[in-house]
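Coordinate inspection notes
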Amino acid sequence: MGGKEQQSGFPRLHRMGEAGLLVEFGDRLSMAVNAATLAFRAAVEAAAWDGVEESATSLKSVFLRFDPVRLSHDALETALSDLLKSSDWYGVPLPHGRKLWRVPTVFGGDHGPQLEEAASMAGLSPDDAVAQIAQTPVRVLTIGFSPGMPYLGQLPEMFDIPRKTELNPHVPAGGLALAIRQLVLFPVGTQTGWRWIGRAAIDVFGQQAEQPFPLTAGDEILFQPVTASAFEDAWAGVEAGRMMASCEALP
Amino acid sequence: MSAALQILSAGPGLSLQDAGRPGLLSKGLSRGGAMDPQALAEGAALLRSDPDRALAIEMAGAGGTFRAEGADLLIALTGAPMTAEIEGVRLHWSGSHVLPRGATLKIGGALKGSYGYLSIAGLDAAEILGARSAHISGGIGGRLQAGDRLTCRPAPDAGGMMIAADDRFSGGEIRILPSVQTDQFDTDTLARLETTAFQKDARASRMGARMGHEGPGFSSDAHLAILSEIIVPGDVQVIGDGSPFVLLNECQSMGGYPRIATVISADLTKVAQAAPGSPIRFRFVTLDVALSARTSLVKHLKSLPSRVQPRVRHPGDISDLLSYQLVGGVISAHHDAHEEEI
């Protein structure tokens, strides 16, 4: 192992309390580090070790929750070390079963009042910024903070713009916000320091829906620009519990 | 009319709670569930119901007023002791009682601790994502309010049982293990964590509790830049003002503050239940100590049904009860001896 994307000192194992282990693949986000977390978690799930109760990924690590009475720390740490050694996790393909989502999205105006500011910080016109974002399939890097909320990336380098120092008072559900080459899509109205650039017609946490959490880390999303009125129609569908985004299997 | 509990008035922190929804961390949802799982299990034991299906009304700080409709109901009161009465008759906490059809149950403020539990035989609610508990911060379910009506079933027995509840309501020593960033704090800071007298902040919620203290904060170099990482209940984050903040069941799934330690699972309820202002001290222990405490707690929970006993009412039995209190810390044995109760 040791792909060129590997950061020195990683991967690294940490104990997290008496029933958790964290396998950290880096301390900076890169697409390769994130891909390693997705591939490694898929391998952990496939191994289905007796006593492992749950696994999850963050931007840069894989977390395992286990029953320390049934599965000792030593045994699990050995199994994880062996699994780490079995592949170059920074270079392996992403796991199977990922999906590509196409989501009707309105950019700018009342549905994205900070588009112009974000575009100008990226050195682009608003139209060019939207065109750039719309043509970049962004990966669900991880899901978290609030239920179903995806962190999406990475956008081209010009979008490496900082978060605002003050919070936006309110970005509504479906709000799409940008900072540090990433997008986030809010499941519910929230305050954020990220710049609010648009609104996407998908409910990423529909607790009564057939698929309450449609997205999985590793999926990709294309935000397809539509007019404000087309978005509002699509949003009415979302509010009625319908899936307004299309979805296809990724190879 | 079918059996139901009607909520006539509700304190600000009432919600339905069960064991929560473990297993959804990859979707960004913390496990949630009762802040005092032991109280939930004690309630199930008192009602002789399935502990794996236990569901109760969790009451933060204060209860409310409730009326039985359609039938007599069997209730159990557990967790942080609160004042409680049916039609003016004071009730024994950590006990089961019949709430007669049409009668009113009043539950007041907590006498100790933070979270009291009202369990009712046959209490049921719709499942969302595999559980019936509210996850307030995650937007699942919500707080119970006046006017809510909860489906129950007629009382299956006459109540009158009690259980000895250990005191987990006043803070005290909390055992911790190292966590992901512990080694990024210098040894003086870690030593100070163990010697500082903390008080649980009054603004604690189901998401977490800040630990107030005098003196300098507990910062580390790790404060400079940490990429958000998975966090779990028990983790002790050092937040922006330098205070330790213990994450509880309804915490967010990711956080960017450095974690100085993690509370062992057997002591997390003590943090959650400590009343506002309760003294808290942290002490690092070994993994073996944490595991053995975890195993003891599991054993204790399994033994709860066998610890349920009839409430003692004869004067001749009172001395036994008082001596039992000395050993087991029964909360309201004194009230039993001196006050009218049912």
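Residues numbered from 1 in each chain as written. Chains lettered and ligands numbered in written order. Predicted model: local features only at pLDDT ≥ 70, side-chain atom pairs only at ≥ 80, totals over all residues. Heavy atoms only, no water.

1. A look at the overall build of chain B
- Summing up its helical and strand segments, chain B has six helices and 22 strands in all.
- Taking 2.2 N^0.38 as the reference for a compact globule, 342 residues should give roughly 20 Å; the C-alpha atoms of chain B span a radius of gyration of 21 Å, in line with that estimate.
- With the C-alpha coordinates of chain B rotated into their principal frame, the extents come out at 60 × 45 × 30 Å.
- Within chain B, buried positions represent 55% of all 342 residues.
- When contacts within chain B are restricted to residue pairs at least 6 apart in sequence, those whose partners lie at least 24 apart make up 79%.
- Counting only carbon and sulfur atoms, one obtains 53% of the accessible surface of chain B, whose full area is about 13400 Å². (Helix = DSSP H or I, 4+ residues; strand = E, 2+ residues; numbered from the N terminus. Rg over C-alpha atoms; globule rule 2.2 N^0.38 Å. Buried < 20%, exposed > 50% of the residue type's maximum accessible area, 1.4 Å probe, protein only. Contact = heavy atoms within 4.5 Å. Areas by Shrake-Rupley, 256 points an atom, 1.4 Å probe, with all protein chains shown as cover.)

2. Observations concerning the layout of surface pockets
- Of the volumes computed, that of the second largest pocket is approximately 990 Å³.
- In terms of lining, the second largest pocket is formed by 36 residues, of which the most central are Phe145 and Tyr151 of chain A together with Ser228, Gly255 and Gly256 of chain B.
- Every element with two or more residues in the lining of the second largest pocket is listed here: β10 (182-185) and β11 (190-192) of chain A together with β18 (244-247) and β19 (254-255) of chain B.
- The element that contributes the greatest number of residues to the lining of the second largest pocket is β11 of chain A, accounting for three residues.
- For the lining of the second largest pocket, the residue count by class is 22 nonpolar, 13 polar and one charged. (1 Å grid on protein atoms, 1.4 Å probe; cavity = no way out; pocket = protein on both sides within 12 Å on 5 of 7 lines; lining within 4 Å. Points joined across faces, edges and corners; volume = space filled by probe spheres on them. Nonpolar A, V, L, I, M, F, W, Y, C, P; charged D, E, K, R; others polar.)

3. Section: the interface of chain A and chain B
- With 39 residues of chain A at the contact, the number on the chain B side is 36 residues.
- Between chain A and chain B lies a buried interface of about 3000 Å² when both sides are counted; carbon and sulfur atoms form 62% of it.
- The largest share of the area that chain A buries against chain B comes from Met16, Glu18 and Phe145 of chain A, three residues that together contribute 22% of it.
- At the surface where chain A touches chain B, the tally comes to two salt bridges.
- Ionic pairing is found between Glu18 of chain A and Arg294 of chain B, a salt bridge with its closest N-O pair at 3.0 Å.
- At the boundary of chain A and chain B, one finds 13 residue pairs in polar contact (both at pLDDT 80 or more). (Buried area = accessible area lost by both parts, 1.4 Å probe. Salt bridge = Lys/Arg side-chain N within 4 Å of Asp/Glu carboxyl O. Polar contact = N/O pair within 3.5 Å; in protein donor to acceptor, adjacent residues only side chain to side chain.)

4. A look at the sheet that holds strand β4 (residues 64-69) of chain B
Residue and element names in this part refer to chain B.
- Within the open sheet, the six strands sit side by side as β7-β6-β9-β4-β1-β11. Their pairing is antiparallel. The sheet terminates laterally at β7 (89-90) and β11 (149-151), the two strands that pair on one side only.
- Where strand β1 (residues 4-10) lies against β11, three bridges are found, and the strand directions are antiparallel. When the bridges of β11 are listed, Leu5 appears paired with Leu150. (Pairing = 2+ DSSP bridges.)

5. Quick notes on the environment of Tyr257 of chain B
- Summarising the element assignment, Tyr257 of chain B is placed in the loop between β19 and β20 (259-263).
- For Tyr257 of chain B, the contacting residues outside a window of four places in its chain are Gln181, Ile226, Gln237, Val238, Ile239 and Gly240 of chain B.

6. Looking at helix α4 (residues 126-134) of chain A
Residues and elements named next belong to chain A.
- Residues of α4 that are buried include every one of Ala129, Val130, Ile133 and Ala134, and no others. For α4, the buried positions fall inside an angular range of 125° around the axis, keeping them on one side.
- Buried residues in α4 make contact with β5 (99-107), α3 (115-121), β9 (175-179), β10, β12 (195-200) and β13 (220-225). (Arc of directions from axis to C-beta.)

7. Comments concerning helix α1 (residues 31-47) of chain A
Residue and element names in this part refer to chain A.
- Counted at 1.5 Å a residue, the expected span for α1 with its 17 residues is 24 Å, and the 24 Å between its end C-alpha atoms agrees.
- Counting buried positions over the 17 residues of α1 gives twelve, a clear majority of the element.
- Buried residues of α1: Ala32, Val33, Asn34, Ala35, Ala36, Thr37, Leu38, Ala39, Phe40, Arg41, Ala43 and Val44, and no others.
- In this fold, the buried residues of α1 make contact with β2 (20-24), β3 (52-57), β4 (61-66), α2 (73-85) and β6 (138-143).
- Ala48 sits one or two residues past α1 and shows a positive phi near 45°. (Expected span 1.5 Å × (residues − 1).)

8. So, the sheet that holds β3 of chain A
All names here are of chain A.
- The sheet built from four strands is open, its strands ordered β1-β2-β4-β3 with antiparallel pairing. Because the sheet does not close on itself, it has two edges, and the strands there are β1 (12-15) and β3. Averaged over all neighbouring strand pairs, the angle between strand axes comes to 20°, with direction disregarded.
- Across five bridges, the pairing between β3 and β4 is antiparallel. Bridge assignment links Val52 to a residue of β4, and that residue is Phe66.
- Contacts from α1 reach β2, β3 and β4 within the one sheet, and its direction differs from that of β3 by about 165°. (Axes fitted to C-alpha atoms, helices over the stretch in contact; angles between N-to-C directions.)

9. Some points on the packing of helix α1 (residues 37-47) of chain B against helix α4 (residues 287-307) of chain B
Residue and element names in this part refer to chain B.
- It is the contact of α1 with α4, at a shortest axis distance of 8 Å, that shows an interaxial angle of 20°. The orientation of α1 with respect to α4, classified from their angle, is roughly parallel. Once α1 is placed against α4, the crossing between them reads as right-handed. Between α1 and α4, the residues in contact are Gln38, Ala41, Glu42 and Ala45 and Leu297, His300, Leu301, Leu304 and Pro305, respectively. (Parallel < 35°, antiparallel > 145°, perpendicular 65-115°, else oblique. Left-handed = near helix turned anticlockwise from the far one by under 90°.)

10. Side note on the nonpolar core
- Of all hydrophobic cores here, the largest spans 31 residues; its most connected members are Leu193, Met211, Val246, Leu248, Ile260, Val263 and Phe282 of chain B.
- The residues touching Val246 of chain B, leaving out its near neighbours within four places in the chain, are Met207, Gly208, Ala209, Met211, Gly234, Asp235, Val236, Val263, Leu268, Val271 and Phe282 of chain B.
- Formed by 30 residues, the second largest nonpolar core is a distinct cluster that contains Ala118, Ile143, Leu176 and Val204 of chain A. (Core = buried A, V, L, I, M, F, W, Y, C linked by side-chain atoms within 4.5 Å.)

11. Observations regarding the pairing of strand β17 (residues 235-238) of chain B
All names here are of chain B.
- Residues Asp235 and Gln237 line one face of β17 and the alternating positions Val236 and Val238 line the opposite face, and both faces are buried.
- Taken together, the three bridges between β17 and β18 define a ladder with antiparallel strand orientation. In the sheet register, Gln237 faces β18, and the bridge partner there is Phe245.
- The turn joining β17 and β18, which pair antiparallel and follow one another in sequence, is formed by five residues; a positive phi near 90° is taken by Gly242.

12. Focus on the packing of α1 of chain A against α2 of chain A
Residues and elements named next belong to chain A.
- Between α1 and α2, the least distance of the axes is 11 Å, while the angle of their chain directions is 125°. Judged by the inter-axis angle, α1 sits oblique to α2. For the crossing formed where α1 meets α2, the hand is right-handed. In this structure, α1 uses Phe40, Ala43 and Val44 to contact α2, whose residues at the interface are Leu80, Leu83 and Leu84.
- Here the contact of α1 with α2 is composed, by residue class, of six nonpolar, no polar and no charged.

13. Description of the pairing of strand β10 (residues 115-120) of chain B
Residues and elements named next belong to chain B.
- For β10, the tally of buried residues reaches six of six residues, placing the bulk of the element in the interior.
- Of the two faces of β10, the one carrying Tyr115, Tyr117 and Ser119 and the one carrying Gly116, Leu118 and Ile120 are both buried.
- With five bridges connecting them, strand β3 (residues 56-60) and β10 associate as antiparallel partners. Across the sheet, the residue bridging to Glu58 is Tyr117, located in β10.

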